[in-house]
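# Observations on the model geometry
Read off the chains here:
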Amino acid sequence: EGEAEEGGEEEEEEQEEEDKEESGPAYTRAKAALRAALPPIYEPYREAAKTKSPFEAKVSRAYFHVKPLDSEQRENWSNYLTAAIERGDEREAKEVAERGIIATNLYAELWTQYARWREAAGDSDGARKVLERGIAGPFKRRPELKSQLALLEEGLGNLDAARTRYQELVAAAPDSVDVALRQVNFERRVA
């Protein structure tokens, strides 16, 4: 028992010496220098968190669910993506868009906004991939994204690909007057 008590007393003495060293002038100067260096590093993250928090506070469902998502939630995701794009951080904008299309999976607005942003950023392949993902998933039988993809191909000058997309669109919705008009207008524009 005596040895255990001696070992405990030695540890306490060592801790007291370390505490004295930590409260010494060298420690105080190092601590002050660290505090002075942190604000420039920390500030951009604090500002980013401040700009994200109003949008994050309004997100009630960041996951996919078959129940309809109310218009306020869809508008919030759209505004959140717009704000992320305006800040100019491509990684953040992509992250917000990917999170948003999960929650708003059954609604074409965010898919289209995401694809248009990719195209405006000079990434037409990225825009095409976004639209193709939507078409392969929730928009298999719906014309919204197929029409956007046809317009993208047409805008890029891929007229054969655009024509194929319009034909697929007509095949998917043969009774739709709107779809038929889109194809006719395309053929008129390229003639």
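Computed from a predicted model, the values in this text were never measured in an experiment. (Residues numbered from 1 in each chain as written. Predicted model: local features only at pLDDT ≥ 70, side-chain atom pairs only at ≥ 80, totals over all residues. Heavy atoms only, no water.)

### A word on the overall build of the protein
When you go through the protein residue by residue, the secondary structure sums to nine helices and zero strands. When the helices and strands of the protein are listed from N to C terminus, the series reads α-α-α-α-α-α-α-α-α. A separation threshold of at least 6 residues defines the contact pool for the protein, and within that pool the share at least 24 residues apart is 47%. (Helix = DSSP H or I, 4+ residues; strand = E, 2+ residues; numbered from the N terminus. Contact = heavy atoms within 4.5 Å.)

### A closer look at the packing of aromatic side chains
Any pair of aromatic rings gets described here by the distance separating the centres and the angle formed by the planes. Under the defined criterion, the tally for this structure stands at five aromatic pairs. Ring centres of Y114 and W117 lie 6.2 Å apart, and the angle between their planes is 20 degrees; on these two criteria the pair is classed as stacked. Within this pair, Y114 and its partner W117 are both found in helix α5 (residues 108-120), separated by three residues, close to a single helical turn. Given a relative accessible area of 2%, Y114 falls into the buried group. Taken together, the ring pairs connect F55, W77 and Y80 into an aromatic cluster. (Phe/Tyr/Trp six-rings, centres within 6.5 Å; stacked < 30°, edge-to-face > 60°. Buried < 20%, exposed > 50% of the residue type's maximum accessible area, 1.4 Å probe, protein only.)

### Looking at helix α9 (residues 177-190)
For α9, built from 14 residues, the straight-helix expectation of 20 Å at 1.5 Å per residue is met to within 8% by its first-to-last C-alpha distance of 20 Å. The distance from a side-chain oxygen at the start of α9 to the backbone nitrogen of D178 is 3.5 Å, and the residue carrying that oxygen is S176. (Expected span 1.5 Å × (residues − 1). Polar contact = N/O pair within 3.5 Å; in protein donor to acceptor, adjacent residues only side chain to side chain.)

### Thoughts on the pattern of salt bridges
Using the criterion set out here, one finds 16 salt bridges in the structure. Between E98 and R133 there is a salt bridge whose closest N-O contact spans 2.9 Å. Taken together, the residues span a long stretch of sequence, with E98 in helix α4 (residues 90-103) and R133 in helix α6 (residues 124-136) at a distance of 35 residues. A salt bridge links E132 to R165; the shortest N-O distance between them is 3.2 Å. Highlighted residues: E132 in helix α6 and R165 in helix α8 (residues 159-172), separated in sequence by 33 residues. (Salt bridge = Lys/Arg side-chain N within 4 Å of Asp/Glu carboxyl O.)

### Some remarks on the packing of helix α3 (residues 71-87) against α4
It is the contact of α3 with α4, at a shortest axis distance of 8 Å, that shows an interaxial angle of 170 degrees. Judged by the inter-axis angle, α3 sits roughly antiparallel to α4. Between α3 and α4, the contacting residues are W77, Y80, L81, A84, I85 and R87 on the first element and E92, A93, V96, A97, R99, G100 and A103 on the second. Its residues assigned to classes, the contact of α3 with α4 shows nine nonpolar, one polar and three charged. (Axes fitted to C-alpha atoms, helices over the stretch in contact; angles between N-to-C directions. Parallel < 35°, antiparallel > 145°, perpendicular 65-115°, else oblique. Nonpolar A, V, L, I, M, F, W, Y, C, P; charged D, E, K, R; others polar.)

### Considering the confidence of the model for the protein
With 88% of its residues at a pLDDT of at least 70, the protein reaches an overall mean of 84. Taken element by element, the protein is modelled with least confidence in helix α1 (residues 2-22), mean pLDDT 57, and with most confidence in α5, mean pLDDT 94. (pLDDT = per-residue confidence, 0-100.)

### Quick look at the side chain of T112
By secondary structure assignment, the location of T112 is in helix α5. Within the structure, T112 has its side chain in polar contact with the backbone oxygen of A108 (distance 2.9 Å). Those residues in contact with T112 that sit more than four places away from it in its chain are L145 and Q148.

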